[in-house]
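The primary structure of each chain is shown beneath.
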Amino acid sequence: MKEYCFQIEMKVRDYECDLQGVVNNSNYQRYMEHTRHEYLETLGENFGDMHAKGIDAFVSRVDIRFRHALRSGDRFRSCLNLWKEGPRLVFGQDIYRLPDGVLAASGRVESVVVENGRLTRGEYFDRLTANG
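About the thresholds
Residues numbered from 1 in each chain as written. Predicted model: local features only at pLDDT ≥ 70, side-chain atom pairs only at ≥ 80, totals over all residues. Heavy atoms only, no water. Helix = DSSP H or I, 4+ residues; strand = E, 2+ residues; numbered from the N terminus. Rg over C-alpha atoms; globule rule 2.2 N^0.38 Å. Contact = heavy atoms within 4.5 Å. Buried < 20%, exposed > 50% of the residue type's maximum accessible area, 1.4 Å probe, protein only. Lys, Arg positive; Asp, Glu negative; His and termini not counted. Salt bridge = Lys/Arg side-chain N within 4 Å of Asp/Glu carboxyl O.

### Regarding the overall build of the protein chain
A tally of regular secondary structure across the protein chain gives three helices and six strands. Helices (α) and strands (β) of the protein chain occur, in sequence order from the N terminus, as β-α-α-β-β-β-β-β-α. Computed over C-alpha atoms, the radius of gyration of the protein chain comes to 16 Å, within 12% of the 14 Å expected from 2.2 N^0.38 for 132 residues, which places it in the range of a compact globule. Projecting the C-alpha coordinates of the protein chain onto the three principal axes gives extents of approximately 45 × 30 × 25 Å. For the protein chain, the share of sequence-separated contacts (at least 6 apart) that also reach a separation of at least 24 residues comes to 66%.

### Notes on the side chain of Asp-74
Summarising the element assignment, Asp-74 is placed in the loop between strand 2 (55–66) and strand 3 (75–85). The side chain of Asp-74 sits in the buried core without any salt bridge; Arg-97 is the nearest counter-charge, 5.1 Å away. Among all residues touching Asp-74, those that are not within four sequence positions of it are Met-10, Lys-11, Val-12 and Arg-97.

### A closer look at unusual backbone geometry
At the junction of Leu-98 and Pro-99, the peptide bond is cis and its omega measures out at 5 degrees in the coordinates. Position of Pro-99 relative to the elements: it lies in the loop between strand 4 (88–98) and strand 5 (103–115). If you check the backbone angles, Asn-116 has positive phi at about 50 degrees while not being a glycine. On the secondary structure map, Asn-116 appears in the loop between strand 5 and strand 6 (118–119).

Structure representation (structure tokens):
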């Protein structure tokens, strides 16, 4: 497993699986979103407080590659790295099944930050990550 700036462990719930007994593809995106929210909290921030300050982060693109299906009861580790490309914040996210470390999914999630209705170059996250 490569190095990540944040990781969280989770477990597949029965209702997240489809008729084939594997996690429905939409849930991988939810796992990745939950990971980004938890990461933000480790930096001392959350999306509700940001919105109250006039700062909103919006997902602008998601690309997920499904590698190996997770099943009900599987434990997994959701990991992320963050970098900037112009005004976009890019999250490289991977999900590994535990305990064997098999890569289940990998994703690239791009987001932008709008402050008081204006697109920024992500300076708000620059400040957050510099302190985190």
